[in-house]
Amino acid sequence: MTPFVSLEDFKYSKQAPGLLMRFHPQLPSRLVIIPRDGGGPVRECDIQACHIFHFAHCEERREGGEVVIEVSALCLPEEFTMEFKDKLFLSNSNDAPGQMYNFSLRFSPGENSIAVETNRLGGRACGEFPTVHPLSHVAPASNRYIYLMGNTSKRIPFTSIIKMDRQKPESPIGIWISPSGCTVGEPVFCPRIGTKGRVPRSPAEEDDGYLVVQVYDSAKHSTYFVLLDAMHVSEGPVCELHTNTFITNGFHGTWSDELIGLGESTSSMSMLLIEALHCRVKLGIQKGRYFDEATKMDKAERTRKEMEMREHRKRGKMRDIVSPCVFEGTIRKNDALR
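Residues numbered from 1 in each chain as written. Predicted model: local features only at pLDDT ≥ 70, side-chain atom pairs only at ≥ 80, totals over all residues. Heavy atoms only, no water.

## Examining the nonpolar core
- Within the largest apolar cluster, 19 residues are counted, with the highest numbers of intra-cluster contacts made by I161, W176, V184, L211, V213, V215 and L228.
- Elements with a minimum of two residues in this core: β8 (145–151), β11 (182–191), β12 (209–217) and β13 (222–229).
- Non-local contacts of I161, meaning those with residues more than four positions away in its chain, are made with L148, M149, G174, I175, W176, V184, G185, P187, L211, V213, L228 and V233. (Core = buried A, V, L, I, M, F, W, Y, C linked by side-chain atoms within 4.5 Å. Buried < 20%, exposed > 50% of the residue type's maximum accessible area, 1.4 Å probe, protein only. Helix = DSSP H or I, 4+ residues; strand = E, 2+ residues; numbered from the N terminus. Contact = heavy atoms within 4.5 Å.)

## As for empty space enclosed by the protein
- The full count for this structure, using the stated rule, is 2 cavities of 30 Å³ or more.
- Considered as a void within the structure, the second largest cavity measures approximately 30 Å³ in volume.
- Considering the residues around the second largest cavity, the lining is formed by F4, V5, S6, D9, F10, P17, L20, M21 and H24.
- Here the lining of the second largest cavity is built from residues that sort into 6 nonpolar, 2 polar and 1 charged. (1 Å grid on protein atoms, 1.4 Å probe; cavity = no way out; pocket = protein on both sides within 12 Å on 5 of 7 lines; lining within 4 Å. Points joined across faces, edges and corners; volume = space filled by probe spheres on them. Nonpolar A, V, L, I, M, F, W, Y, C, P; charged D, E, K, R; others polar.)

## Describing the packing of aromatic side chains
- Counting across every chain of the model gives 5 aromatic pairs.
- Following the ring pairs from residue to residue traces out a cluster consisting of F4, F23, F53 and F80.
- Over the aromatic face of Y145 sits the side chain of K163, whose NZ or CZ is 4.7 Å from the ring centroid.
- Between the NZ or CZ atom of R192 and the centre of the ring of Y210, over which it lies, the distance is 4.9 Å. (Phe/Tyr/Trp six-rings, centres within 6.5 Å; stacked < 30°, edge-to-face > 60°. Lys NZ or Arg CZ within 6 Å of the ring centre and 35° of its normal.)

## Considering the pattern of salt bridges
- For the structure shown, the criterion picks out 14 salt bridges.
- Close ionic contact of E63 with R61 constitutes a salt bridge, the shortest N to O distance being 2.9 Å.
- Owing to a relative accessible area of 27%, R61 belongs among the partly exposed residues under this scheme.
- Among the salt bridges present, the one from E70 reaches R61, with a minimum N-O distance of 3.3 Å.
- Given the relative accessible area of 11%, E70 is considered buried. (Salt bridge = Lys/Arg side-chain N within 4 Å of Asp/Glu carboxyl O.)

This is the structure:
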């Protein structure tokens, strides 16, 4: 239950509901636990006044005879409003930035009472759009790490990618700061190639992948993408992709192991580009080589995939078919498909 939305506000305003968000001290701030099977009582517990904006992790486990539920989320404080302050963000994030918190709920199956413990994650770090390994929600996955766009000193615009460890909540364990004059968008976690569908059962497996981050260069009014090694965020990009154009920031991104509309036969292609970009930097691949060559895809396989993509294009299943190549850090169309 959020204390930031009141139905009374809707009766007398023509504004969109989202723009009316503000703290109502008379309303409860509460977590509600509903049994998935429909049996047992619905439990409620009060928490500090906040609005949970984005969840990151949720884990259920048994300890002795008790049920423990761990929830991590980005929370907005009482001072938050949807004021378009400084004309930089939709809200007053400079005054009331979102911060990561972990809620630990504990109760016995036969009792209605519930105990809650609250801890802030990442110290003073603030941010938005937390992301995790896409399979960290599948039991019994490891779910320690959180990655988000944010800052540790100033607030908006966000210029850093921050990595947090739920078992080391005092401060971030990794920070990449974008170049001067640049801002960052949300990170999206991409598991390393060869791990498709594999649930990460250890912290090392959970951390085995890349973060794709959109970066805006204000001096050039241009967008580029960086690839960060999720294990070593502070070491900076393993490669960059410059688009030479402006792209508005995306949000609520989700990684998919497959290219939508192309089916199982091309399930690994979406990851080949990521690996190829990494290889280009790590192995010194020559400029102008196609990404399938960089990843050692043989000629027959390359031809088969391109023919398949052409067929999908004819059937209208894809608006545009791109055979990416790595050239000066830019994804361009293969001339053979133009």
